[in-house]
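Listed below are the residues making up each chain.
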2 protein chains.
Amino acid sequence: MELLESRIAEEGRVYPGNVLKVDSFLNHQVDISLMDRMGEEFYQRFKDQGITKIMTIESSGISIACSTARHFGVPVLFAKKSKSLNIGKDVFVSKVTSFTYQKEYEITVSKRYLGPSDKVLLVDDFLAIGHAMKGLIDICKQAEAKIAGIGICIEKGFQQGGEELRKMGYEVMSLAVIESMSEDGTITFR
Amino acid sequence: MELLESRIAEEGRVYPGNVLKVDSFLNHQVDISLMDRMGEEFYQRFKDQGITKIMTIESSGISIACSTARHFGVPVLFAKKSKSLNIGKDVFVSKVTSFTYQKEYEITVSKRYLGPSDKVLLVDDFLAIGHAMKGLIDICKQAEAKIAGIGICIEKGFQQGGEELRKMGYEVMSLAVIESMSEDGTITFR
């Protein structure tokens, strides 16, 4: 998606450890009109698949999930990372290792809101190693919900998550795939 | 807002410790069309105030912030709760005590995205004791950003946050104010 790639090229900053900061428009400050355009791209690809829910993980997936869900006219369902007093006990749980935060955590989804009659589109802002996405897939399997596909804003193509998910048979639509990046600021797209 | 009140009355569940669960439409599963209508309410009230940013705290404020920002045509800026490797050092920080999660945490906002030329609308899904909102206010003060007002989906009117913020001089617009609620499921609106 050219619009997204040009924003990454203009505003993205590369830091040691394969960190790409795009917090001016994607996951701290959020450009809603760009989100809306990205949500529309996912809609055009998956609109004929009978999607019932857009799923993501808090927090930075919520914006793109909301923008995508508007186009589909279906609810968002976001997995929770923290154990709130309020989530209750009747939940699907999966373990995820975070690269960004360097720790393992559990994600939970209430059994009330996901089941065998659901067909979901999984979305997230980033795909790198793919741990978070595999946690969502695990939860969908527990719920016996069907997965129509995976929509990603920025895939780090030099890490294994995207390849692994495609080998598992999932249709992964990444709006920008980064082939390589270096700390001098050079970002090459696939 | 009648639409919101009727959803709370129909789907809200009351649990011990003043917990109101509305996770079927507000903060786990998210009804985007309702979010859109709520965002429009905030827009109608604050549209003439020169708002430059819609601010909230991750995670459950992000949905309403995005829906509101669409109407205003301005970016969202959400304060981060966790210390990510990616946030960097040049940040405003404030301490917040969470009632829901029973712990103290820091919220951070990058200095790149908030400053004296900003006029912000602060939004959140819930207002109860008001700690999170006071953290956002503190950060706006550090940044010398102006606060146009505060938009809340559900205010727990029997807790002190709303009253305190109004006494501090802020215009607080709550779309539903709960006067009282009891564990038999009775919810009374102000």
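To be clear, the structure that these remarks concern was listed above.
Residues numbered from 1 in each chain as written. Chains lettered and ligands numbered in written order. Predicted model: local features only at pLDDT ≥ 70, side-chain atom pairs only at ≥ 80, totals over all residues.

Observations concerning the interface of chain A and chain B
Next up, step 1: Counting residues at the interface gives 30 residues for chain A and 29 residues for chain B.
Next up, step 2: When residues of the side of chain A that touches chain B are traced back to their parent elements, those giving at least two are strand 2 (19-21), strand 3 (29-30), helix 3 (62-72) and strand 5 (76-79) of chain A.
Next up, step 3: Looking at the side of chain A that touches chain B, the element that brings in the most residues is helix 3 of chain A, giving 6 residues.
Next up, step 4: Its residues placed into classes, the side of chain A that touches chain B shows 13 nonpolar, 11 polar and 6 charged.
Next up, step 5: Judged from the 2 bridges that link them, strand 5 of chain A and strand 3 (residues 29-30) of chain B form a sheet pairing that is antiparallel. When the sheet's bridge partners are listed, A:L77 is paired in strand 3 of chain B with B:Q29. (Contact = placed C-beta atoms within 7 Å. Helix = DSSP H or I, 4+ residues; strand = E, 2+ residues; numbered from the N terminus. Nonpolar A, V, L, I, M, F, W, Y, C, P; charged D, E, K, R; others polar. Pairing = 2+ DSSP bridges.)

Section: the sheet that holds strand 11 (residues 187-189) of chain A
Next up, step 1: With mixed pairing, the 7 strands of this open sheet are ordered in space as 11(A)-10(A)-9(A)-8(A)-4(A)-5(A)-3(B). With one partner strand each, in any of the chains shown, strand 11 of chain A together with strand 3 of chain B form the two edges of the open sheet.
Next up, step 2: Sheet contacts for helix 1 (residues 2-11) of chain A: strand 9 (146-156), strand 10 (172-181) and strand 11 of chain A; angle to strand 10 of chain A, the most-contacted strand, approximately 30°. (Axes fitted to C-alpha atoms, helices over the stretch in contact; angles between N-to-C directions.)

Some details on the environment of B:E58
Residue and element names in this part refer to chain B.
Next up, step 1: With respect to the helices and strands, the residue E58 is situated in the loop between strand 4 (53-57) and helix 3 (62-72).
Next up, step 2: Residue E58 is classed as buried on the basis of its 20 C-beta neighbours within 10 Å.
Next up, step 3: On a C-alpha basis, the gap between E58 and K81 in space is 6.7 Å, while along the polypeptide they are 23 residues apart. (Buried ≥ 20, exposed ≤ 12 C-beta atoms within 10 Å, placed from the backbone.)

Some points on the relation of the copies chain A and chain B
Next up, step 1: Each copy of the sequence occupies a distinct position, and chain A is placed on chain B by a rotation of 180° and an axial shift of 0.0 Å, giving an RMSD of 0.0 Å. Between the two chains, the operation in question is that of a two-fold axis. If distances are taken from each C-alpha of chain A to the rotation axis, the shortest is found for A:S59, at 2.5 Å.
Next up, step 2: Both copies contact each other with a shared surface, as 97% of the interface residues of chain A are interface residues in chain B too. (Least-squares fit on C-alpha atoms with pLDDT ≥ 70 in both.)

Concerning the nonpolar core
Next up, step 1: Counting 114 residues, the largest nonpolar core has A:L136, A:C153, B:L136 and B:C153 as its most contacted members.
Next up, step 2: Those residues in contact with A:L136, other than ones at most four positions away along the chain, are A:M55, A:I57, A:A79 and A:L122. (Core = buried A, V, L, I, M, F, W, Y, C linked by C-beta atoms within 7 Å.)

Describing the sheet that holds strand 9 (residues 146-156) of chain B
Next up, step 1: Reading across the sheet, the 7 strands line up as 3(A)-5(B)-4(B)-8(B)-9(B)-10(B)-11(B) and stay open at both edges, with mixed pairing between neighbours. Bordering the open sheet on either side are strand 3 of chain A together with strand 11 (187-189) of chain B, each of which pairs with just one other strand.
Next up, step 2: Both strand 9 of chain B and strand 10 (residues 172-181) of chain B contribute to a ladder of 6 bridges, which runs parallel. Residue pairing for strand 10 of chain B: B:I152 is matched across the bridge by B:S174.

Some points on the pairing of strand 8 (residues 119-127) of chain A
Regular strands show a simple pattern: their side chains alternate between the two faces of the sheet.
Residues and elements named next belong to chain A.
Next up, step 1: Across the 9 residues of strand 8, 8 count as buried, placing the element largely inside the fold.
Next up, step 2: When strand 4 (residues 53-57) meets strand 8, the two strands line up parallel, connected through 3 bridges. Each bridged residue has a counterpart across the sheet, and for I54 the counterpart in strand 8 is L121.
Next up, step 3: Note: strand 8 against strand 9, 8 bridges, orientation parallel. Bridge assignment links L122 to a residue of strand 9, and that residue is I150.

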